[in-house]
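Listed below, chain by chain, are the residues.
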Amino acid sequence: MRGGQPCRPPGIDEHLAVRLAANPLPSTNRAISRGQMFDRAEPDSTHVAFATPIASLSSNEMGTSRVFDRLAMVVIGVVGVLSLLTFRDYGLSWDDYAHSEYGDLLLKLYASGFRDQRALSWINLYYYGGGFDLLAALAAKILPFTLFETRRLIGAAVGILGLAVTWRIGRRMGGPIAGLMALILLATCPLYYGHMFMNPKDSPFAVATAIFLLGAMRALEQYPRVSLAAGSFVGIGFGLSFGSRIMGAFGLIGALAAVALIFAVESRACGIRSAGVRLGHFLLALVPAMLLAYAVMALVWPWSVIDPLNPFRAVEYFSHFFEKPWQELFDGRLVSVPDMPRAYVPTLFALKLPVIFSVLGFGGAAGAMLAAFAPGMALNRRAVFLLIALATLLPLATTTALQPAMYNGIRHFVFVLPPLAVLGGLAGAFLIRTASKLGRLAPIVAAIVFIAGIGTPVVEMVRLHPYEYTYFNRLSGGVAHARDRFMLDYWGLSLKQASQALLAKLAERGETKPPGRRWKIAVCGPHRSPQVELGPDFETTWDPQGADFAMMLGEFYCAKLDAPLLAEVVRDGVVYARVYDIRGKSISTLLTQPGL
């Protein structure tokens, strides 16, 4: 209180503020339709604005809103259909077998009443949550596909859920146009789309963090109250994200910063005591959400709860590089992964994201940070902008500053793509609405630029399929220019198509396996993929001595052999894998460097 008067938003009681915050789309749509990027409340020296009542949408605006929402449903539907048509195209990666076995062991842990505890010490995967692996193992018991086809299909389904959540965040923050643009930016991002089929760690983690952001956003809109729906999203999202990777703590740090912003502004306007009471109410309202989060974390990461200190042990484990160091190709040089330069993450973000995604996304991040500290804006919206901006910028800034071991491109940062797409959608919608003030043609031109901007990566994705995740944007010269400078197929997915090509070549020649033994194939890359694709007539080895064939990834560490070439896997003029006939050849190693 100040001067004996309650400190509350001017011209609106708190219950109405909560109702408006819980369903902010009409006010947001109207604000943006007036050419504004953000809702604004009139500044007041003695009050804190939380929500601004704005007239409901006109029938024309509601009709336009429905059009954009239907377009969003079309985009999600198209991605779903494409996923159903292509999920079998994606090969096995280095980690697929280990993760599939982890999921099976988690099932056995629960089915045995916790007597079979092998999952709690499986390789080093018990330091991670196994929610996706558990879900895929369950689905494999039901669906009529092979285990790894099921994993690809479930990965696609989880990725599509992430698209839907991203759309909802963008729509809630900036209206239907912003939501649609956020959805399109993410759906046409090769890094996100490619990883969602075959990455059992980073893609599900990205979706989990997006769910948490949606819940945190809704809770901040309702501050200091928390509805059941908002609390459920917070609990499920944080439980899944932290229960997937300890980097889920970044989302919590961003949420705490947003709450700290509200507390600081309220303390200045209303006094620390009044602000503290409201903060206490908010934190108390989140207690059920935190209990739900702990339960969800326990379900997907049981190792984390058998000893309360285990999450801290995971933090300590991952704070140091936990494997034998190896070298990877970065900017044309071989660099040990613990010694990657600070430029690693910024460089690869600049080269691997579609240009329009980067421009709109990071432009939106800058705008969101400015909006978070704009005193004339409703405080809850300022907190939401800070939340989403930090979800993108904080992990990137922390990694650049601390310079940890880095490898496998930027797959570890797939989780920043949903909030970055949201920020890009907000920026794009703002630019289109601003262009509408310049004349009738200006919005059309802006829309054409946007369509052309997303069309370029879509064309590249078609050309690279099913290796969309290896995409480099055209400003970088594409994958052709990146081949000798960066890692492309670091997951080794192309060995699936190489195996299929070998089988087709042998069938064409009418060759069958030698009598009394299996074909022996030396493989430079993950062995599980050719083992699955080639079947029981083949055995894989790292030793080329006495082998019949050699299957080689196109990456720097696999040698080019002086032997007859049976098959090549090529995309956009770049060789992803080769198969050689090495019968009768004396080849000492598959590798370009000893000890790799």
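Anything mentioned here points back to the structure above.
Caption draft 1: Fine view of helix α13 (residues 287–300). In this model α13 runs 20 Å from its N-terminal to its C-terminal C-alpha over 14 residues, within 8% of the 20 Å that 1.5 Å per residue would give. Listed in full, the buried residues belonging to α13 are Ala289, Ala293, Val296, Met297 and Val300. Each buried residue of α13 lies within a common arc of 100° when the element is viewed along its axis, so the set occupies one face. More than 90 degrees from the buried face of α13, the exposed residues found are Pro288 and Leu291.

Caption draft 2: Summary view of the sheet that holds strand β5 (residues 549–553). The strand order β4-β3-β5-β7-β6 describes an open sheet built from five strands, whose pairing is mixed. Each having just a single partner strand, β4 (538–541) and β6 (565–571) make up the two edges of the open sheet. Strand after strand, the sheet turns through a mean of 20° between neighbouring axes, direction not considered. In this sheet, β4 lies alongside strand β3 (residues 519–524) in parallel orientation, the contact comprising four bridges. The residue bridging alanine 522 from the neighbouring strand is threonine 541, located in β4.

Caption draft 3: Seen up close, the nonpolar core. Judged by nonpolar contacts, the single largest core of 177 residues is most densely connected at Leu417 and Leu502. The leading source of residues in this core is helix α9 (residues 202–222), at twelve residues. The residues touching leucine 417, leaving out its near neighbours within four places in the chain, are Leu186, Cys189, Leu191, Tyr192, Phe349, Leu353 and Phe357.

Caption draft 4: Broad picture of the side chain of glutamine 222. In this structure, glutamine 222 sits in helix α9. Taking the relative accessible area as the measure of exposure, glutamine 222 reaches 2% and is therefore buried. In terms of polar contacts, glutamine 222 uses its side chain to reach the backbone amide nitrogen of serine 227, at 2.7 Å.

Caption draft 5: Spotlight on a nonpolar patch on the surface. Taken together, the side chains of Val74, Val78, Val81, Leu82 and Leu85 define a hydrophobic patch exposed on the protein surface, amounting to about 450 Å² of accessible area. Within the secondary structure, leucine 82 is located in helix α3 (residues 59–86). Residue classification places leucine 82 among the partly exposed positions, given a relative accessible area of 38%.

Caption draft 6: How the structure looks around the state of the cysteines. If you walk through the whole model with that rule in mind, you get one disulfide. What pairs with cysteine 524 in a disulfide is cysteine 558, and their sulfur atoms sit 2.0 Å apart. Measuring the twist about the S-S bond at about -90°, one finds the cysteine 524-cysteine 558 disulfide to be left-handed. Here cysteine 558 lies in the loop between β5 and β6 and cysteine 524 lies in strand β3, a separation of 34 residues in the sequence. Judged by its relative accessible area of 7%, cysteine 558 falls in the buried class.

Caption draft 7: Examining unusual backbone geometry more closely. Backbone torsion omega between tyrosine 223 and proline 224 reads 5°, so that peptide bond is classified as cis. Within the secondary structure, proline 224 sits in the loop between α9 and α10 (228–242). In the segment running from histidine 465 into proline 466, the intervening peptide bond is cis, with an omega of 5°. Tracing the backbone through its elements, the reader meets proline 466 in the loop between α20 (441–464) and α21 (478–482). Even without being a glycine, phenylalanine 114 presents a positive backbone phi close to 75°. One can find phenylalanine 114 in the loop between α4 (96–111) and α5 (131–140).

Caption draft 8: Structural context of the packing of aromatic side chains. All chains considered together, the criterion is met by 32 aromatic pairs. Their ring planes at 85° and their centres at 5.4 Å tell us that tyrosine 110 and phenylalanine 114 sit as a pair that is edge-to-face. Aromatic side chains tyrosine 127 and phenylalanine 318 sit 6.1 Å apart centroid to centroid with 80° between the ring planes, which places their arrangement in the edge-to-face category. Of this pair, tyrosine 127 sits in the loop between α4 and α5 while phenylalanine 318 is found in helix α15 (residues 310–318), placing the two residues 191 residues apart along the sequence. Its relative accessible area of 22% is what places phenylalanine 318 among the partly exposed residues. Sitting above the plane of the tyrosine 576 ring, arginine 483 keeps its charged end 5.9 Å from the centroid. For the cation-ring pair, arginine 528 lies above tyrosine 97, with the distance from its terminal atom to the ring centre recorded as 4.0 Å.

Caption draft 9: Just the pattern of salt bridges, in detail. Applying the stated criterion across every chain, the model contains 26 salt bridges. Between arginine 411 and aspartate 202 there is a salt bridge, with its nearest N and O atoms 2.6 Å apart. Of the two residues, arginine 411 is situated in the loop between α18 (379–402) and α19 (417–435) and aspartate 202 in helix α9; the sequence distance between them amounts to 209 residues. Here arginine 411 and aspartate 202 have matching classes, each one buried.

Caption draft 10: Just the packing of helix α11 (residues 249–270) against helix α12 (residues 272–285), in detail. It is the contact of α11 with α12, at a shortest axis distance of 7 Å, that shows an interaxial angle of 150°. One element, α11, and the other, α12, form an angle in the roughly antiparallel class. Between α11 and α12 lies a crossing whose hand is right-handed. Residues Val259, Phe263, Glu266, Ser267 and Cys270 of α11 touch α12, and the partners they reach there are Ile272, Ser274, Ala275, Gly276, Arg278, Leu279 and Phe282.

Caption draft 11: View of the packing of α4 against α5. At a minimum axis separation of 8 Å, α4 and α5 run at an interaxial angle of 80°. In terms of their interaxial angle, α4 and α5 are classed as roughly perpendicular. Contacts between α4 and α5 involve His99, Tyr102, Gly103, Asp104, Leu106, Leu107 and Tyr110 from the first element and Asp133, Leu134, Ala137 and Leu138 from the second. Residue composition of the contact of α4 with α5, grouped by class: seven nonpolar, two polar and two charged.

Rules and cut-offs
- Residues numbered from 1 in each chain as written.
- Predicted model: local features only at pLDDT ≥ 70, side-chain atom pairs only at ≥ 80, totals over all residues.
- Heavy atoms only, no water.
- Helix = DSSP H or I, 4+ residues; strand = E, 2+ residues; numbered from the N terminus.
- Expected span 1.5 Å × (residues − 1).
- Buried < 20%, exposed > 50% of the residue type's maximum accessible area, 1.4 Å probe, protein only.
- Arc of directions from axis to C-beta.
- Pairing = 2+ DSSP bridges.
- Axes fitted to C-alpha atoms, helices over the stretch in contact; angles between N-to-C directions.
- Core = buried A, V, L, I, M, F, W, Y, C linked by side-chain atoms within 4.5 Å.
- Contact = heavy atoms within 4.5 Å.
- Polar contact = N/O pair within 3.5 Å; in protein donor to acceptor, adjacent residues only side chain to side chain.
- Patch = residues over 30% accessible without salt bridge, like charges linked within 9 Å, V, L, I, M, F, W, Y side chains within 5 Å.
- Areas by Shrake-Rupley, 256 points an atom, 1.4 Å probe, with all protein chains shown as cover.
- Salt bridge = Lys/Arg side-chain N within 4 Å of Asp/Glu carboxyl O.
- Disulfide = S-S within 2.5 Å.
- Phe/Tyr/Trp six-rings, centres within 6.5 Å; stacked < 30°, edge-to-face > 60°.
- Lys NZ or Arg CZ within 6 Å of the ring centre and 35° of its normal.
- Parallel < 35°, antiparallel > 145°, perpendicular 65-115°, else oblique.
- Left-handed = near helix turned anticlockwise from the far one by under 90°.
- Nonpolar A, V, L, I, M, F, W, Y, C, P; charged D, E, K, R; others polar.

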